[in-house]
Amino acid sequence: MENNNTRRNFLKKTALLSTGTIIGSSLFNAAFAAAPALNTESESLENAITNVPGTYSLPKLGYSYDGLEPHIDKATMEIHHSKHHQGYVSNLNKAIDTLDSNLIDHTKSLENIFEKMSKFPEAIRNNSGGHYNHSLFWSLMKPNGGGTPKGKLAEAINTSFGSFDEFKKQFTDASMKRFGSGWAWLVVQDGKLVVGSTANQDNPLMRLRGKGLKGKPVLALDVWEHAYYLKNQNRRADYVASFWNVVDWDMAENLFNS
Ligand SMILES: [Fe+2]
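Note that the structure is predicted; figures quoted are calculated from it, not measured. Residue numbers run consecutively from 1 along every chain, following the written order of its sequence. It should be noted that, the model being predicted, local features are given only for residues of pLDDT at least 70 and side-chain atom pairs only at 80 or more, the latter also being counted only at that level, while totals for whole chains, interfaces and linings use all residues. To obtain the side-chain values, all non-hydrogen atoms of the structure were used and water was disregarded.

Colleague: Which parts of the structure should I look at to understand the coordination of the iron ion?
Modeller: Metal coordination angles have textbook ideals: 109.5 degrees for a tetrahedral set of four donors and 90 or 180 degrees for an octahedral set of six. Coordinating N, O and S atoms are those within 2.8 Å of the metal (3.2 Å for Na, K and Ca), and as water is not part of the atoms, a site may appear to have fewer donors than expected. Protein-derived ligands of the iron ion are His 80 (NE2), His 134 (NE2), Asp 222 (OD) and His 226 (NE2), with the metal-ligand distances lying across 1.9 to 2.1 Å. Here the iron ion binds four donor atoms, and the angle range of 90 to 135 degrees at the metal identifies the geometry as irregular. Donor angles set the geometry label: tetrahedral for four donors if every angle is between 85 and 135 degrees, square planar for four and octahedral for six if opposite donors exceed 155 degrees and the others are between 65 and 115, irregular for anything else.

What follows is the structure, encoded as structure tokens:
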């Protein structure tokens with residue numbers, strides 16, 4: 001028992017230190033229901049992104065598939081979570097199984113893979129990003145969400161963008177201008193809030209060659225067509241507008257404050 005607890009605590013600390021992201025238990029409770037095998041509900045998202053490589057699992061949502069209706073529809077949520085996200089998890093575990101074990105430190109978290117991303121094959125890049133990005137995305141939405149941020153995040157948005165409306169405009173622009181598939185982000189970069197986007201399943205934590213958005217995620221929006229096509233078809237702008245009604249600003253503020 002002691003060894004198990006020690007190992008669990010180590011994995012948690014490794015994840016927290018590597019991301020600089022300290023997310024409170026209540027936040028996880030709000031964001032995700034527990035997987036049956038977990039000791040506490042609060043471990044659900046943490047385990048999803050910090051498991052020993054090769055054993056990643058799909059986190060349960062903290063709301064039902066129809067919980068974000070009418071803004072994001074049940075069918076999209078069900079397929080997006082149970083098929084697309086599950087696919088990234090399964091393919092990530094398979095891809096890690098094929099690696100030379102020397103490439104992966106089996107005591108390290110997903111974020112540690114991101115730090116060495118340029119050394120890994122494409123399958124690891126796509127599927128580790130897919131798993132991490134979706135896990136974060138689910139936690140940044142909630143039924144009856146939306147509104148405006150509060151506290152220090154609200155202050156920082158005003159400082160960085162002039163107003164919340166200007167931030168929304170820039171985030172929406174980033175979402176719309178991402179050609180093809182990708183993600184829009186609000187990140188902390190060198191102490192400032194910055195809006196941008198990444199292609200495919202890349203994220204701002206990945207150390208990749210070339211220029212690209214870098215920083216600690218505060219808000220994320222999936223702009224792959226699979227995230228909106230069933231309800232909105234080609235109208236990405238409608239989907240982005242809907243997103244503002246389900247944002248969990250408490251989660252975003254917690255990420256920012258950490
Ligand atoms: Fe997606």
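That was the structure; now back to the text.
Colleague: Even after reading the chapter, I still don't get helix α7 (residues 151-161), so can you show me in this structure?
Modeller: Since the α-helix turns once every 3.6 residues, residues separated by three or four places project in the same direction. For every residue, the accessible area obtained with a 1.4 Å probe (protein chains only) is divided by the maximum for its type, and the residue is called buried under 20%, exposed over 50%, and partly exposed between those limits. Working definition: helices are DSSP H or I runs of at least four residues, strands are E runs of at least two. Numbering for both runs from the N terminus. Residues Leu 153, Ala 154, Ala 156, Ile 157 and Phe 161 constitute the buried set of α7. Projected down its long axis, α7 carries its buried residues within an arc of 165 degrees, all on one side. The exposed residues of α7 that point more than 90 degrees off its buried face are Lys 152, Glu 155 and Thr 159. It only takes one pair of heavy atoms within 4.5 Å for two residues to be counted as in contact. Check the buried side of α7 and you find it contacts α8 (164-177), β1 (182-189), β2 (192-199), β3 (216-222) and α11 (249-257). Backbone geometry just after α7 places Gly 162 at a positive phi near 95 degrees. Directions are taken from the helix axis to each C-beta atom, and the arc is the one they span.

Colleague: Just to check I follow, could you spell out the nonpolar core for this structure?
Modeller: Considering soluble globular proteins, one finds that nonpolar side chains tend to be buried as a cluster. Nine residue types can take part in a nonpolar core, namely buried Ala, Val, Leu, Ile, Met, Phe, Trp, Tyr and Cys, and a core is a set of them joined through side-chain atoms within 4.5 Å. Core analysis: the biggest nonpolar cluster contains 60 residues, and Phe 167, Phe 171, Leu 186, Leu 219 and Trp 249 have the highest contact counts within it. A total of six residues in this core trace back to one element, the largest contributor, which is helix α4 (residues 74-97). Domain delimitation in this document rests on an assignment produced automatically or drawn from a domain database. Taken domain by domain, this core gets at least three of its residues from each of domain 1 (2-139) and domain 2 (151-257). Leaving out residues up to four positions away in the same chain, Trp 249 has contacts with Gly 146, Gly 147, Thr 148, Pro 149, Leu 153, Ile 157, Phe 164, Phe 167, Leu 219 and Trp 244.

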